[in-house]
Amino acid sequence: MAQLATTHREIIKDTVCKVLEIEFDEITEHSKFIEDHEADSMRLIEILSALELKLGVTIDQAELPRMVDLAGVYAVIGELKL
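This write-up is about the structure you can find in this document.

What counts, and at which threshold
- Residues numbered from 1 in each chain as written.
- Predicted model: local features only at pLDDT ≥ 70, side-chain atom pairs only at ≥ 80, totals over all residues.
- Heavy atoms only, no water.
- Helix = DSSP H or I, 4+ residues; strand = E, 2+ residues; numbered from the N terminus.
- Expected span 1.5 Å × (residues − 1).
- Buried < 20%, exposed > 50% of the residue type's maximum accessible area, 1.4 Å probe, protein only.
- Arc of directions from axis to C-beta.
- Contact = heavy atoms within 4.5 Å.
- Polar contact = N/O pair within 3.5 Å; in protein donor to acceptor, adjacent residues only side chain to side chain.

## So, helix α3 (residues 41–55)
In a regular helix each residue adds 1.5 Å, so 15 residues correspond to 21 Å; α3 covers 21 Å between its end C-alpha atoms and thus fits that length. Taken together, the buried positions of α3 are occupied by L44, I47, L48, L51 and L55. Take α3 and look down its axis: the buried residues cluster within an arc of 95°, on one side only. Exposed residues on α3 whose side chains face more than 90 degrees from its buried face are M42 and L53. Buried residues along α3 sit in contact with α1 (6–20), α2 (33–37) and α4 (70–78). Sitting at the amino-terminal end of α3 is D40, which places a side-chain oxygen 3.2 Å from the backbone nitrogen of M42.

Keep in mind these numbers describe shape, not what the thing actually does.
In structure tokens:
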């Protein structure tokens, strides 16, 4: 797995926070989007779409089950060529 640059991690976290409508310090790397931040499946798709636009990448929707927290999102994005 590729290591993400700090700037990419910050962009990802900021994007997730905006979609989930939470403050930057309310989320940790392992807090769950659904269980801890009351996201639904549509919010998860919004996160995926927002990250695609923000980072200029394509993320397969099959990756959604891995994208349940920031750690999972970092892992998925880290496997893409940025």
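There's plenty left to go through after this.
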